[in-house]
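Chain residues, written in single-letter form:
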Amino acid sequence: MVYGSLFLALILNLIAPPPVLQHFYPNILLLTVMFWTVKIPRMVNIGHGFMAGLMLDLLVGSTLGIKAFAFSLMVFMLTSAFSKLETYSLLQQSVSIAIISFVGQIVIFWLEHLFGLAFIDYHTILSCVSDMVMWPVLWVSLGFLMRFRHVRNTNNQL
Amino acid sequence: MKQQDQYRGIPPSFRFFIAALLSIGLVLADTSLHLSKEIRVSVDTLMSPLYSVANSPSVLTSAMRQQMRTRYQLVEDNRRLQETLMLLKGELLKYGQMKQENEKLRALLGSPIQSDSRVEVAEIMSVATDPFEQRIVINKGKQAGVYEGQPLIGEDGIIGQITDVSPNMSRAILISDRRHSIPVRDIRNDIRGIASGTGQVDMLIMDDLPRNVDIQVGDLLVTSGLGGKFPRGYPVARVVEYSPDNGTGFAEVKARPIEDLNRIRYVLLMWPTEYFAPDGQNLGRESVNYIKNGVSLVR
């Protein structure tokens, strides 16, 4: 289920948004990785973040490693600074996610700039706002899916 | 189970350290050694179904829109298309004569005769969602004879050029990408310049022009053919803003691409004969379209 949702998120991330929403398109793949990192940190953590970022790098065609680095950084921030995220209220969670995503976007922006690819367009950093809006939706829907599957999985796997 | 516990044993900071090292290595390998090209080609081939899946919503909506069209709209469309066809045919009659005349004049002047170039239609499979890049993926690759640096045109003007070629698909960079520049010429007075992308789909920029340069809003910029990548004379952009003094001592010209780069679905791949095969003989002429000054004919 974890990999299924990650795969779905990857495809969703690849779908081109309408031009109006271009800068506000949420990073669904990132949010999904973060969700699983919060829920099952034993199974999904920095390695998965790295792989997810790398896949996105490869598929989007940007410089390899930039998103891989940013994704692993964001997951690292999540596991180290926000390890109790699950106990927060949904609003606090969203704000924390927005902060992490903000830092991540800045890192991506900075790295792209460093390697001579980026131009100054601060709008992309705003996608952390849509990440904030998207997080509760994802939290509830994936949480529901997880509970649904959990009943069968409790005894033999977790 | 044991493996899982071992897995948990690695502290996150160490794990992050490894990930960071790996990604920095990747970035360096990609930017300086260009190692990733082959990897990317194979991954692209492997992932091409994924692009189709990601592209399916837009395909689906356009298919639905096709289905929803009323009979009246179809009749209307048909009428309009026939009208355009008539007009184009009329133009073409004139064109044939002019072409002959042009060839004669060119022969008189002793300059090489421009031959027709081969074109093929390709469909766009996906558009880069990365806001830093303006790239597209098209469904023709090495097997169709696509090569790196090949010009892409749309029905109105230049779109971009090919950057990576896989067996069955290829990536292209749009003229509006920050890293793309194209040599152009003002069609009104033949002033040459270089139009660079800005990262915005509807804006190209020409800077480093002298302040007294004679460029006006509304001028059409066409490819100059210098640089040898793009064929000569295809529309690129129309000037929308001209600011002679932006504090640098140079004029800055902003232009809007003729082709609506946000809405392209099909592109024309072009094999210019002007530079690579001046006599036009060594390119296969079987079952191909020929493009003549923007009017394409199927032979």
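Residues numbered from 1 in each chain as written. Chains lettered and ligands numbered in written order. Predicted model: local features only at pLDDT ≥ 70, side-chain atom pairs only at ≥ 80, totals over all residues.

1. What to know about the overall build of chain B
Rules: Counting from the N terminus, the helices are the DSSP runs of H or I reaching at least four residues and the strands are the DSSP runs of E reaching at least two. Residue burial is a threshold on neighbouring C-beta atoms within 10 Å of the residue's own C-beta, all placed from the backbone, with 20 or more meaning buried, 12 or fewer meaning exposed, and counts in between meaning partly exposed. Contact definition: two residues whose C-beta atoms, as placed from backbone geometry, lie within 7 Å.
Each helix and strand counted, chain B has five helices and 14 strands in total. Relative to its full complement of 299 residues, chain B shows a buried share of 29%. Expressed as a percentage of contacts within chain B between residues at least 6 apart in sequence, the contacts between residues at least 24 apart total 58%.

2. A look at the packing of helix α1 (residues 2-14) of chain A against helix α2 (residues 28-39) of chain A
Any two packed helices are characterised by how steeply their axes cross, that is the angle between the axes, and by the distance between the axes. Residues and elements named next belong to chain A. Just so we agree on the cut-off: Orientation is described by lines fitted to C-alpha atoms, with helices fitted over the stretch in contact, and by angles between N-to-C directions that extend from 0 to 180 degrees. Orientation is classified from the angle alone, with under 35 degrees giving roughly parallel, over 145 giving roughly antiparallel, 65 to 115 giving roughly perpendicular, and any other angle giving oblique. By convention, the crossing between two helices is left-handed when the near helix turns anticlockwise from the far helix through less than a right angle, and right-handed when the turn is clockwise.
Contact pair α1 / α2: the axes reach a minimum separation of 8 Å and the direction vectors enclose 160 degrees. Comparing their axes, α2 and α1 come out roughly antiparallel. For the pair α1 and α2, the sense of crossing is right-handed. Contacts from V2, S5, L6, A9, L10, L12 and N13 of α1 reach α2 at I28, L29, T32, V33 and W36.

3. With respect to the sheet that holds strand β11 (residues 251-257) of chain B
Residue and element names in this part refer to chain B. This is how it is decided: Two strands form a pair only when DSSP identifies at least two bridges running between them.
Spatially, the six strands close up into a barrel ordered β6-β7-β8-β11-β10-β9, and their pairing is antiparallel. Averaged over all neighbouring strand pairs, the angle between strand axes comes to 40 degrees, with direction disregarded. Both strand β7 (residues 192-197) and strand β8 (residues 204-209) contribute to a ladder of two bridges, which runs antiparallel. Counterpart to G197 in the pairing with β8 is L204.

4. Some points on the environment of L152 of chain B
Residue and element names in this part refer to chain B. By secondary structure assignment, the location of L152 is in strand β3 (residues 151-153). Along the sequence, L152 and V119 sit 33 residues apart, while their C-alpha atoms lie 9.4 Å from each other. L152 has contacts with I159, G160, Q161, I162, A172, V267 and L269, leaving out every residue within four places of it along the chain.

5. What about the nonpolar core?
Test applied: One nonpolar core equals one set of buried Ala, Val, Leu, Ile, Met, Phe, Trp, Tyr and Cys residues connected by C-beta atoms within 7 Å.
Membership of the largest hydrophobic core comes to 88 residues, with the highest contact counts inside it found for V33, M34 and F71 of chain A together with I138, A195 and V236 of chain B. Each residue touching V236 of chain B, except ones within four places of it in the same chain, is listed here: G157, I158, I175, I182, V184, A195, L221, V222, T223, P257 and I258 of chain B.

6. Regarding α2 of chain A
All names here are of chain A. Condition: Expected helix span is computed as 1.5 Å times (number of residues minus one).
Taking 1.5 Å as the rise per residue, α2 with twelve residues should run 16 Å; its terminal C-alpha atoms sit 16 Å apart, in good agreement. Most of α2 sits inside the fold, with eleven of its twelve residues counted as buried. Those residues of α2 lying buried are I28, L29, L30, L31, T32, V33, M34, F35, W36, T37 and V38.

7. Some points on the confidence of the model for chain B
Residues and elements named next belong to chain B. As a reminder, the rule being used: You can read pLDDT as the predictor saying how much it trusts each residue, on a scale of 0 to 100.
Chain-level pLDDT for chain B is 78 on average; 82% of the residues reach the 70-or-more range. Low pLDDT, under 50, characterises residues 1-6; the stretch is placed with one contact to residues that sit more than four places away or in other chains. The low-confidence segment residues 275-299, where pLDDT is below 50, has 33 contacts with residues more than four positions distant or belonging to other chains. Interface confidence for the predicted complex, given as ipTM, is 0.72, next to a pTM of 0.62.

8. A short note on unusual backbone geometry
Excluding glycine, a negative phi dihedral is what most residues carry, and trans is how most peptide bonds are arranged. A positive phi is found at D190 of chain B, a non-glycine position, where the angle reads about 65 degrees. Residue placement: D190 of chain B occurs in the loop between β6 (181-186) and β7.

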